[in-house]
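# Summary of structural features
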Amino acid sequence: MSLQQIDAKLLSRMFLAGAKNLECKKEWINELNVFPVPDGDTGTNMTMTIMSAAKEISALGDGIDMRSLSKAVSGGSLRGARGNSGVILSQLLRGFTKRIQEEEQLTISVMVESFEKAVETAYKAVMKPKEGTILTVARGAADKAKELYENGVTDMESFLADVLEHAKYVLSQTPEMLPVLKQAGVVDSGGQGLIEVMTGALDAFLGKEIDFTVSADAGEGTTSSRRQNAEEPVDIKFGYCTEFIIMLNKTFNIKAEMDFKAYLESIGDSIVCVADEDIVKVHVHTNDPGLAIQKALKYGALSNMKIDNMRLEHQEKLFRMSAGKGTAAAETAAADMKKADMEKASGTAAELPPKEFGFIAVSVGEGMNEIFRSLGVDYIIEGGQTMNPSTADILEAVDKVNAKTVFVLPNNKNIILAANQAAELTADKDLFVIPTKTIPQGITAVINFVPELSADENEANMIREIRNVCSGEVTYAVRDTVIDDKEIRKGDYMGIGDDGILAVGTDIRGVAKDTIAGMMTEEAELISIYYGSDVNGEEAEAFSALVAESYPDCDIELQYGGQPIYYYVISVE
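Take the packing of aromatic side chains next. Applying the stated rule across the entire model yields 15 aromatic pairs. Measuring from centroid to centroid gives 5.1 Å for Phe 252 and Tyr 299, while their planes differ by 90°, and the two rings are edge-to-face. Placement of the pair is Phe 252 in the loop between strand S3 (240–248) and helix H10 (254–267) and Tyr 299 in the loop between helix H11 (289–296) and strand S6 (300–309), with a sequence separation of 47 residues. Looking at Phe 252, the relative accessible area reads 12%, which means it is buried. Each member of the aromatic cluster is reached from another via a ring pair, and the members are Phe 357, Phe 359, Phe 407, Phe 432 and Phe 449.

Here the focus is the packing of helix H18 (residues 508–519) against helix H19 (residues 537–550). It is at 11 Å that the axes of H18 and H19 come closest, and there the two elements cross at 40°. The pairing of H18 with H19 is recorded here as oblique in orientation. Read as a crossing pair, H18 and H19 show a hand that is right-handed. Here Arg 509, Ala 512, Lys 513 and Ile 516 of H18 come into contact with H19, specifically with Glu 539, Ala 542, Phe 543, Leu 546, Val 547 and Ser 550. Considered class by class, the residues forming the contact of H18 with H19 number six nonpolar, one polar and three charged.

Where strand S16 (residues 526–531) and strand S17 (residues 555–560) come together, six bridges link them in parallel fashion. Note on S17: the bridge partner recorded for Tyr 530 is Gln 559. Taken together, S16, H19 and S17 constitute a β-α-β crossover, and its handedness is right-handed.

What follows covers the pairing of strand S14 (residues 493–497). Extensive coverage of S14 is indicated by the burial of four of its five residues. Where strand S11 (residues 470–476) and S14 come together, five bridges link them in antiparallel fashion. Following the sheet pairing, Thr 475 is matched in S14 by Met 494. For S14 and strand S15 (residues 500–505), the ladder comprises five bridges, and the chain directions are antiparallel. Counterpart to Gly 495 in the pairing with S15 is Ala 503.

Below, the discussion takes up the environment of Leu 135. Along the polypeptide, Leu 135 turns up in helix H6 (residues 134–150). By relative accessible area, Leu 135 is classed as buried at 2%. Residues Leu 135 and Gly 190 lie 55 residues apart in sequence; the distance between their C-alpha atoms is 8.6 Å. In this structure, Leu 135 is in contact with Ile 88, Ala 122, Tyr 123, Val 126 and Pro 129, ignoring residues within four places of it in sequence.

Our focus in this paragraph is the sheet that holds strand S10 (residues 430–433). Reading across from one edge, S8-S7-S9-S10 is the order of the four strands in this open sheet, with parallel pairing throughout. Taken across any chain shown, the strands that pair with only one partner, and hence form the sheet edges, are strand S8 (379–382) and S10. For this sheet, the mean inter-axis angle between neighbouring strands, taken without regard to orientation, is 20°. Relative to S8, strand S7 (residues 355–363) runs parallel, the two sharing four bridges. Looking at the pairing, Ala 361 lines up with Ile 380 of S8. Relative to S8, helix H14 (residues 391–400) is tilted by about 160°, and along the sheet it contacts S7, S8, strand S9 (403–409) and S10. Contacting S9 and S10, helix H15 (residues 416–425) runs over the sheet at an angle of about 165° to S10.

What counts and how
Residues numbered from 1 in each chain as written. Predicted model: local features only at pLDDT ≥ 70, side-chain atom pairs only at ≥ 80, totals over all residues. Heavy atoms only, no water. Phe/Tyr/Trp six-rings, centres within 6.5 Å; stacked < 30°, edge-to-face > 60°. Helix = DSSP H or I, 4+ residues; strand = E, 2+ residues; numbered from the N terminus. Buried < 20%, exposed > 50% of the residue type's maximum accessible area, 1.4 Å probe, protein only. Axes fitted to C-alpha atoms, helices over the stretch in contact; angles between N-to-C directions. Parallel < 35°, antiparallel > 145°, perpendicular 65-115°, else oblique. Left-handed = near helix turned anticlockwise from the far one by under 90°. Contact = heavy atoms within 4.5 Å. Nonpolar A, V, L, I, M, F, W, Y, C, P; charged D, E, K, R; others polar. Pairing = 2+ DSSP bridges. Right-handed = clockwise from strand over helix to strand, strands pointing away.

Structure, rendered in structure tokens:
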């Protein structure tokens, strides 16, 4: 007779089996990434996220109950979340465990409610959800679970198997929802990762032999470089940055939260509304702060109120500081900066009074790192696409920056969600995440920081300025595919812009030049070229001269980036 309920011990085995199955399939999932670049990341990000939770589960020992298991899964995945796919997976797990933590046994009805809570939590975490992704697969599984329950299914084994089978079907349909998947001939990689977790969990439920050992370094790893999806920065249309905390004295359920957010959207933009038991943190840009305050007072008393006028005159930009490779002065400065970083990490710098503002940047390559340091960035997180820094990595960096307000530059589309998650978990400092999606955007952001302005004014200025930066990267293809009607062969050079493939060919200089051509606008004044570790200085100089000849009205800046995988990182402003 098959089991009809799931206790904490069995659920922990199912979770560990799902984590191990995902770990085994991570490289295959990486290869499902639409762009055939040599740094696919989805499988790695999801694995690092779930293994962080698995490590906490393994530490619980035999005295496991549903509450301790839920805390380990939710907390471990939240702290270990890397990249969009990892953050979304952590939110699915967080929502699932919210529903089950008070239960001793999970019945089919509880499972249905848990799936629904998981999907609701994950969708709320993404500002602009896209269909044809992991979210769609998760919602399909939840819908099927509800349908089976309403149709009277009582056998847990059949229930779990049918939910998984339907989730696989939804995954197979993702190319019909996202044309870019169909053109590339792949299903959504995040959705595939979720399927692997569910498959491993079902295997454990059925009693299959599985190695549940979780290594001590699970959830840890080094980092490297590239990009993916997040909230788009918007033009500032509203004059007052308004922030406050509501000390709740009324029920603030999901409906109340949705109604309040809808009201805020009717009077402003740049909205953040995070509810946590008895308080609500609110941030909105509006032309009438009083309206937001009056609405909030219906839910409770207000504290930590702050209103800033964002239409103050913009001060002059800081002069662009350059950083090159090879001079004795640069090498000495780099050594001094590295020494300072070590002192900060060991606590020496923390003994000083905190300064007003600090910066954290995600970067890769000695040249890129040196540029950020020369611009005043306090802490560099070495990382990028293949191994995105986790929420915990960012929190650790924030702790080491001795400042009251810290700006985080993710410099990668796929790190923004993890950085936002870190901001929600930071209580002792003001943490601002500037949604930089590329390293050139990060450089532009820090250049436009003005110490005399407030944090909110600097945030607005930096977000506005990074919108003027077009970024491109030149790398090579690791497989044959077709993207944006461009036929790509393994080994071809590719120029990838902010919105897709700009150039493909067998000549690296030609591809790089075509990439710039695809980025140029009539207003362009500056072309910055950062050459990577696989490009020698002479070749880079020759390419820079070619670009200068082609665009005589633009200033051309050539700098050593030292980044791996990408021969050139280019920006046009």
